[in-house]
Amino acid sequence: MNHAHLVHALQAIVGADAVLATPDAKLVYTYDASFDVHMPDVVALPTTTAQVSQIAQLAAKERIPLVARGAGTGLSGGALPLHGGILLVLTRMRTIRSVDAGNRRAVVEAGVVNQQLVTAANQVGLTYAPDPGSGRTSTIGGNIASNAGGPHCLAHGVTLNHVVGLTVVLSDGAVVQTGSALADAYGYDLTGVLVGAEGTLGIVTEATVQLMPQAEAVRTLLVAFPTIEDASAAVSAVIAAGIVPTAMEMMDGKVCRAVEAAVHAGYPTDVGGVLLIEVESVADGLDAVMARIADICRAHRAGEVRRATTAAERAALWLGRKSALGAMGRIAPSYFLEDGVVPRHRLPEVMAFVEEAATRHQLPIGNFFHAGDGNIHPTILFDRRNQDAVARAQLAATEILEKCVEVGGVVSGEHGIGTEKQNYMALLYTQDDLDAMWEVKLSFDPAAQLNPGKIFPRFYQPGAPANHLPPTPADAAHNGHSPAVILHKMRSDDALATAFARLVGADAVATTDAAAYAVGDRQPRLVVRPGSVEETAAVLRYANEQRLHVTPVGGNTCRHLGGALAGYDLALSLERLHAIEAHYPSDLTLAVQAGATLAAVNAALATTGQMLPLDAPLAGRATLGGIVAAGAPVTGLRRLAYGTARDLLLGVQVVRADGRSFRRGRMVVKNVAGYDLARLQYGALGALGVLTALIFKLQPLPETSAAVIAAFATPQDADGVVQRLLRSRLQPAAVLLLDAALDPTPSAAQSLRRWRLLVRFDGRSAAVERQVNEVAAWMQDANGAAIATIEAHALEACWPMLTDFSQMAACGAQEWLLRVNVRAVDTAAALTELTAACATDGLGVTTLADAASGVIWLRLTGAETRVTQRLAHWRRRWPQTIVAAAPNGCDASLDRWGAAPSALTVMQRLKQRFDPHGILNYGRDLVSASLLHADAQTTTPAHMTGMEVLHVN
Amino acid sequence: MSTSVATPTSAASPAGAASPAGAATDFHGLLHLADTSAPNAALYDACVRCGLCLESCPTYSLLHLEPASPRGRIALMRAVGEGQLAPTAPSFLAQMDLCLGCLACQAVCPSGVEYGHLHEAGRAQAAAVRQKSALRRVIEWTVFQWLFVSLGRVRLFARSLWLYQRSGLQWLARRLGVLRLLGMEGAEQLLPRIDDRFVIADGSVYPPLWTAAEQSPRRVALLTGCVQSVAFAAVHAATIHALRVNGCEVVLPRGQECCGALHQHGGELARARELARRNIDALEAAHADVIVVNAAGCSHHVKEYGHLLRDDPLYAERAAALAARTRDITELLAELGPRPPQSSLPWRVTYQEPCHLAHGQKITSQPRRVLAAIPGLDFVEMAESSMCCGSAGTYNILQPEMAAQLLARKLDHSAATRAEVIASANTGCMIQMRAGVAQRGMPVRVLHVVEILDAAYRLDEQGVSARASTLTSS
Ligand SMILES: Cc1cc2nc3c(=O)[nH]c(=O)nc-3n(C[C@H](O)[C@H](O)[C@H](O)COP(=O)(O)OP(=O)(O)OC[C@H]3O[C@@H](n4cnc5c(N)ncnc54)[C@H](O)[C@@H]3O)c2cc1C
Ligand code: SF4
Ligand code: SF4
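Residues numbered from 1 in each chain as written. Chains lettered and ligands numbered in written order. Predicted model: local features only at pLDDT ≥ 70, side-chain atom pairs only at ≥ 80, totals over all residues. Heavy atoms only, no water.

1. What about the overall build of chain A?
Phase 1: The number of helices and strands found in chain A is 34 helices and 37 strands.
Phase 2: The C-alpha radius of gyration computed for chain A amounts to 28 Å, which stays within 12% of the reference 30 Å derived for 953 residues, consistent with globular compactness.
Phase 3: Counting only C-alpha atoms, chain A reaches 75 × 70 × 60 Å along its principal axes.
Phase 4: The buried share among the 953 residues of chain A stands at 65%.
Phase 5: Within chain A, contacts between residues at least 6 apart in sequence are counted, and of these 75% link residues at least 24 apart.
Phase 6: For chain A, the accessible surface area stands at approximately 30600 Å², while carbon and sulfur atoms represent 53% of it.
Phase 7: The positive charge centre, built from 77 side chains, and the negative charge centre, built from 87, are 2 Å apart in chain A. (Helix = DSSP H or I, 4+ residues; strand = E, 2+ residues; numbered from the N terminus. Rg over C-alpha atoms; globule rule 2.2 N^0.38 Å. Buried < 20%, exposed > 50% of the residue type's maximum accessible area, 1.4 Å probe, protein only. Contact = heavy atoms within 4.5 Å. Areas by Shrake-Rupley, 256 points an atom, 1.4 Å probe, with all protein chains shown as cover. Lys, Arg positive; Asp, Glu negative; His and termini not counted. Charge placed at Lys NZ, Arg CZ, Asp CG, Glu CD.)

2. Re the site of ligand 3
Phase 1: Taken together, the residues surrounding ligand 3 are B:Cys57, B:Pro58, B:Pro70, B:Arg73, B:Cys99, B:Leu100, B:Gly101, B:Cys102, B:Leu103, B:Ala104, B:Cys105 and B:Tyr115.
Phase 2: In the shell around ligand 3, the residues fall into 10 nonpolar, one polar and one charged. (Near = heavy atom within 4 Å. Nonpolar A, V, L, I, M, F, W, Y, C, P; charged D, E, K, R; others polar.)

3. Points about the site of ligand 2
Phase 1: Around ligand 2, the structure places B:Cys47, B:Val48, B:Arg49, B:Cys50, B:Gly51, B:Cys53, B:Arg71, B:Ile74, B:Cys109, B:Pro110, B:Ser111 and B:Val113.
Phase 2: Residues that form the shell around ligand 2 fall into these classes: eight nonpolar, two polar and two charged.

4. So, the pattern of salt bridges
Phase 1: Enumeration according to the criterion identifies 73 salt bridges over all chains in this entry.
Phase 2: Between A:Arg656 and A:Glu439 there is a salt bridge, with the nearest N and O atoms lying 2.7 Å from each other. Of this pair, A:Arg656 sits in the loop between β26 (649-655) and β27 (661-664) while A:Glu439 sits in helix α16 (residues 431-444); the two residues are 217 residues apart in sequence, bridging distant segments of the chain.
Phase 3: What makes A:Arg656 buried here is its relative accessible area of 2%.
Phase 4: Residue B:Glu274 pairs with B:Arg278 through a salt bridge whose shortest N-O separation is 3.5 Å. Within this pair, B:Glu274 and its partner B:Arg278 are both found in helix α17 (residues 269-284), separated by four residues, close to a single helical turn.
Phase 5: The exposure class assigned to B:Arg278 is partly exposed, which follows from its relative accessible area of 30%.
Phase 6: Counted as one network, the salt bridges with shared partners bring together A:Asp383, A:Arg384, A:Arg385, B:Asp45, B:Arg78 and B:Glu82. (Salt bridge = Lys/Arg side-chain N within 4 Å of Asp/Glu carboxyl O.)

5. Details of the sheet that holds strand β2 (residues 218-223) of chain B
Residues and elements named next belong to chain B.
Phase 1: Pairing within the open sheet is mixed, and its five strands lie in the order β1-β3-β2-β4-β5. Of all strands in the sheet, those with a lone pairing partner are β1 (205-206) and β5 (326-328), marking the two edges.
Phase 2: In this structure, strand β4 (residues 290-293) lies alongside β5, joined through three bridges in parallel fashion. From the neighbouring strand, Val 293 faces β5, where its bridge partner is Asp 328.
Phase 3: Each of β2, β4 and β5 is contacted by helix α18 (residues 296-303), which is oriented at about 160° to β5, the strand it contacts most. (Pairing = 2+ DSSP bridges. Axes fitted to C-alpha atoms, helices over the stretch in contact; angles between N-to-C directions.)

6. Focus: the interface of chain A and chain B
Accessible area lost on assembly of the parts is the figure often given for the size of an interface.
Phase 1: Chain A puts 39 residues into the contact, and the matching count from chain B is 31 residues.
Phase 2: Summed over both partners, the interface of chain A with chain B comes to about 2700 Å²; 52% of that surface belongs to carbon and sulfur atoms.
Phase 3: Area buried by chain A at its contact with chain B is led by A:Asp24, A:Tyr31 and A:Arg136, which between them contribute 22% of it.
Phase 4: At the surface where chain A touches chain B, the tally comes to five salt bridges.
Phase 5: With its nearest N and O atoms 3.9 Å apart, the salt bridge here joins A:Arg69 to B:Glu66.
Phase 6: Across the contact surface, chain A and chain B share 21 residue pairs in polar contact (both at pLDDT 80 or more).
Phase 7: For the side of chain A that touches chain B, the elements supplying multiple residues, two or more each, are α2 (23-26) and α12 (324-327) of chain A.
Phase 8: Here the side of chain A that touches chain B takes three residues from α12(A), the largest share from any one element.
Phase 9: Of the residues that constitute the side of chain A that touches chain B, the class distribution is 18 nonpolar, 10 polar and 11 charged. (Buried area = accessible area lost by both parts, 1.4 Å probe. Polar contact = N/O pair within 3.5 Å; in protein donor to acceptor, adjacent residues only side chain to side chain.)

7. Some remarks on the packing of aromatic side chains
Phase 1: A full pass over the atoms with the stated rule returns 10 aromatic pairs over all chains.
Phase 2: Summarising the aromatic geometry, the rings of A:Phe500 and A:Tyr542 are spaced 5.2 Å apart at their centres and angled 70° between planes, so their arrangement reads as edge-to-face. Of this pair, A:Phe500 sits in helix α19 (residues 493-504) while A:Tyr542 is found in helix α20 (residues 533-545), placing the two residues 42 residues apart along the sequence. Judged on exposure class, the residue A:Phe500 and its partner A:Tyr542 are both buried.
Phase 3: Chaining the aromatic ring pairs together yields one cluster made of A:Trp438, A:Phe456, A:Tyr460 and A:Tyr675.
Phase 4: Over the face of the ring belonging to A:Phe805 we find A:Arg859, whose NZ or CZ atom lies 5.4 Å from the ring centre.
Phase 5: When the ring centre of B:Trp347 is taken as reference, the NZ or CZ atom of B:Arg445 above it lies at 4.6 Å. (Phe/Tyr/Trp six-rings, centres within 6.5 Å; stacked < 30°, edge-to-face > 60°. Lys NZ or Arg CZ within 6 Å of the ring centre and 35° of its normal.)

8. Brief notes about the domain arrangement of chain A
All names here are of chain A.
Phase 1: Entries for chain A in the domain assignment read domain 1 (1-210), domain 2 (215-331), domain 3 (473-574 + 916-950) and domain 4 (704-887).
Phase 2: Inter-centroid distance (C-alpha atoms) of domain 2 to domain 4 is 42 Å.
Phase 3: Facing nine residues of domain 2, the contacting portion of domain 4 comprises eight residues.
Phase 4: In total, about 730 Å² of surface goes out of reach between domain 2 and domain 4, with carbon and sulfur atoms giving 48% of it.
Phase 5: When the buried surface of domain 2 facing domain 4 is broken down by residue, Glu 216, Val 282 and Asp 284 rank first, second and third, together holding 67% of it. (Domains from an automatic or database assignment.)

9. A short note on the side chain of A:Asp841
Phase 1: With respect to the helices, strands and loops of the structure, A:Asp841 is situated in helix α30 (residues 827-841).
Phase 2: Setting aside anything within four residues of it in sequence, one finds A:Asp841 in contact with A:Arg866 and A:Arg870.

10. Section: the nonpolar core
Phase 1: Of all hydrophobic cores here, the largest spans 172 residues; its most connected members are A:Tyr188, A:Ile293, A:Val440, A:Leu624, A:Leu694 and A:Phe696.
Phase 2: The element best represented in this core is helix α14 (residues 387-406) of chain A, accounting for nine residues.
Phase 3: Not counting the four nearest positions on each side in its chain, A:Phe696 is found in contact with A:Leu588, A:Thr589, A:Leu590, A:Val592, A:Leu612, A:Leu614, A:Leu624, A:Val628, A:Leu648, A:Leu649 and A:Leu650.
Phase 4: Membership of the second largest hydrophobic core comes to 77 residues, among which are A:Val89, B:Ala41, B:Ala75 and B:Leu85. (Core = buried A, V, L, I, M, F, W, Y, C linked by side-chain atoms within 4.5 Å.)

11. Quick word on helix α26 (residues 427-440) of chain B
Residues and elements named next belong to chain B.
Phase 1: If you check α26, its first and last C-alpha atoms are 20 Å apart, about what 14 residues at 1.5 Å a residue would give, namely 20 Å.
Phase 2: Residues of α26 that are buried: Thr 427, Cys 429, Met 430, Ile 431, Gln 432, Met 433, Ala 435, Gly 436 and Val 437.
Phase 3: Phi for Gly 441, located one or two positions after α26, is positive at around 65°. (Expected span 1.5 Å × (residues − 1).)

12. As for unusual backbone geometry
Phase 1: Between B:Gly337 and the following residue, B:Pro338, the backbone shows a cis peptide bond with an omega angle of -15°.
Phase 2: Counting through the fold element by element, B:Pro338 comes out in the loop between α21 (329-336) and β6 (348-351).
Phase 3: Of note in this structure, A:Ala448 is not a glycine but carries a positive phi near 50°.
Phase 4: Inspection of the secondary structure puts A:Ala448 in the loop between α16 and α17 (473-479).
Phase 5: Unusually for a residue other than glycine, A:Leu588 sits at a positive phi of about 55°.
Phase 6: In this fold, A:Leu588 is placed in the loop between β23 (580-584) and β24 (589-593).
Phase 7: Assessed through its relative accessible area of 4%, A:Leu588 is described here as buried.

Here's what the structure looks like:
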């Protein structure tokens, strides 16, 4: 198709005024806020998802690159069409579809500007937390594609933590939904991988985002330091003291002066550096926190400590901070803006290095950055017309990023790789790491047409191109042609044990205690307990060659979770991999092997006043690898305050089915260098690889905690209090609606009412006390009976009983465990309906619900047909209803996961690429269950259908 | 293509500065008349492409197109400046025109890009190569070369307009569709309603109505302007009276002309300089402490005289000195207090910020302070109060579509406040807003901030005289 035809075809889709094709009109789309320049062949501005889909189909048919662009404020060249093609500018898709105050959700089109969303959320008392400095211009689509952070992400997390679902146009034009508007989604976390993928995996056209209440109180401090090293040291000292401010931003003296010239915000101009520190929360006790922060700063040679006294003053300070990059134009016309992240405690050293590099290369370097996150932005200033300066700037940039990597950091925290940082990827990743990312790329975009040439180093060559379709287990079993399978069939259990003993030692291989490793109804032929990552890799490589079915096992607390296994030759137990690899208390980060139990890790962390706030059931047995792999079904009850494993996971080490291993993530809290392979493991049930090590973000232990509980006759009676909580600015850690049978207090006896509402608060004593009292009063207003407060000690003692309610390990012979996701505001209504139905059907039921997230757990007893009939009915109402555990012996073909996600094809491709022979947990997770099902339905295995032939060049 | 490649220092162009005087009388001559100063490289180099200005730009917020954004326009000017793009490139020409010159971008730019100056040069560069439409040439010639070069002509023109509006001719013209034939339908709606009485700067002096003890009154010279003097006599009357109430002596210096803002905006820099020189002569002669201007576009422009005449050996210094003494009326009143009226004015008022005040002069709190001084006044902020209303000099005549969309947006926002008065501080905006309000049939008045303040002062006086009359009668 020649240019004129292409233009014509695009005009037919979006209209003549939405296509720019002449060189002078396209000229302004050759740049973004980075240094590079690349010319598109044609620019199109769609207004609907349908138009984007049509354009993608056109591009696919004509094999033309397709590059998405938001507002073009990217700082790494992400939106620049490296190989030309169609530039899809999404700035005209700027409708806010809905803002749902009760459920704290908004649905927005990709071109909605960050500030526009914040304003809309503010109108209902909520806010959208990610606040990049470019927020007044950049689009949500661009924010998602670069996993944007911002000053306030220190406490609230980055874009990833606030995006729950996406509408995505794939490279072939298919429109899929990922994630869910509800609290959880099942299947692989495609949303998590699309966030930060820089438009190389799919075009985001709509997003469902999570909103949060605006803080009740805010305190802002501006602290001046004689040197930037002092300021850096103060940052890690504050965190080490167990305080996580909402924001902790640094600007050096040079930047302060430029900013002051730009906005007159009152920044001191004769200092080495300043910290802008903000804390938001309920008001009680906040001043004391600020006083402590000020003291810590003074101990690090702080000069002036000034508190913003008015909203206008605060706004001016923030305007100044957010104008910092633009203000660099006052110093020089061009810049390279680096985006390294380092462990916070290495900041002073790294900043000294930056200063030294500036002197050595005789270039001014401005520093303004998210110090609290260790996310530095050395901005190397030069004039693009001076070739020598450009070369020196490039050299300085490389040295600084090398330094970041050397101290354990990464090359991009929030701006992405784009065209500017591509070659630094090689500093960070091995061939195997990059190959794993390439599998992701091809699973989404088999012809590699979306934003081509990005993210991967320019000289990257995929390592092991699988250029033929490998036979699948089902395939092989049918016709028995594969020699590997014949080998496996012929081997006795003893022969198997001997073979694996050669790899891991005889002690680490067992056939006797297989019952303890049973999954569903099946027991493994062999249990293997590798003692190292290398051994794990050897075991997997061999198992893969032999086409043995492997299930990774942690504490086996989820043995009933998921569909029936296609086979179970090997239990790969991770129990010997339980070491804490590293803990940086002043960074609040932890690296730990996957077999460590939650309880053991928390016991170790407690000595430093920190915790991994995951609250999964059976903490004494549940391993961290298992918790991450299980995902949604083991989320804790305090997710409102601390998030889930999806939010806290910073990195993974994974051994793939074929024994190759990769790492993604380091001990830093932000990282957009390459695809988020860590998120991909969340909820994948080990189907994409075996987790061997994990890196987590930690939290300081709260000063105290307390809960208030009251009895109500029906869930609806308690609903008034729940709704009030959902619309308030209080910060509960948990809001639970539970059966009286689960009431952990003596009040159980005091009221015959069937329901309890329990609200828990963690935090500063003053704040906890006030909030407990306030909620108690609301309970009183709502005619709650037997209102009681549970103090810290009693709460600690009874909490495991509540978290363990949803455990799946010990489901009795006749017990069913169902997990239902509903809209948070509908929890009480749904509970009423669910329990009424059980009564009608004569099903025994006990329930516990996380009313802040809309998660309902039901433990049922009763006849299988009754339960499955009800299940079908409920799933029509609440499609996200899973059977987390079913009685032994129940129908193996029962669909455990419910409705298939609309992006199932992409998930299936992922499974097939990471585990081509289907050896890992095959049949258990949603995706391989669907593949197995398809295999059973047709003679052509599903593997063979959706699979694209690899084109690697 | 002869591209004038700018060097970082040269602002004046080498070519094309042909004798303006002779060319002034024919349409084709316009091509040579325009000042072809190319944008200065130092000006566009200051733009680091951060994009922070995009959402503030009215044209971008309607079109969501990078070419229609400040960053895009600067890139186009840079490309022309660096010889990558010919100044005849359609995007360049179109964008130089589509830009309102509202300076919203400049006001938010952290890098300190002087967009106003850049655009002014870019526009002149565009004007130099442009093939104009016949209508455009007629309008521009009339406006820039004939009408607004002499206040006498403005008054003459206004008289005929006055006749046109009052005589039934207007009705006739509308009925006959003459205007539609001329393609001037929209433009006609924008004609200011001409006041029955004009303000003529004849050197008159108005004494203060009140003076502080031991302090000589401030002597304030009023720039009467062009449109303002014929169409907004009431604003002048209010200005003079309000200043007198605040203890100022007000003088209307003889010999002043139109300030030249319209010409500058239209890329007619030579004319603009000529008018500036004449005004400097006239205003200096008044020996005033302060020059006050009650149209934001004009006050902004007079403050820019220093820049405009920076290369004029005779006038550069004088222009800068005069500019430094110039105040917008809202600014001056806020400086003076203002003296709070006694009478209550129970009006619901919203404020539409003129670009040239809010962005050009960064005067945002002062007009609000003036309104806040009035007892009983119910002030409501409108959304996007500082977004351009689409008036922008001759913009509403030359880019009617874009202007209409901006006006509609502005009227929607003001309607949402349920205010009965829209306060403004600029002639162009007031004409635009009045036309819009009338067309929509909104029960709303559009008044200058000083008119509102003065309404309260007048009530005070009526009250005093009423009280006085009650006193005498009892
Ligand atoms: C002054 C300034 C301050 C900044 N401050 C921060 C900060 O504090 N934190 C931070 O994280 N970043 C910051 N940035 C960087 C930048 O603003 C962010 O990366 C922002 O998220 C980019 O959004 P955009 O709409 O401009 O996207 P673009 O620059 O247009 O595109 C960015 C990337 O997203 C892709 N993309 C865009 N839209 C879509 C879509 N709908 N679907 C798929 N892919 C898409 C593009 O292909 C490209 O790879 C700043 C930039 C500037 C200029
Ligand atoms: S804000 Fe200033 S520096 Fe940034 S793009 Fe706009 S004009 Fe350029
Ligand atoms: S002057 Fe106004 S219209 Fe022109 S670019 Fe700046 S903001 Fe946009």
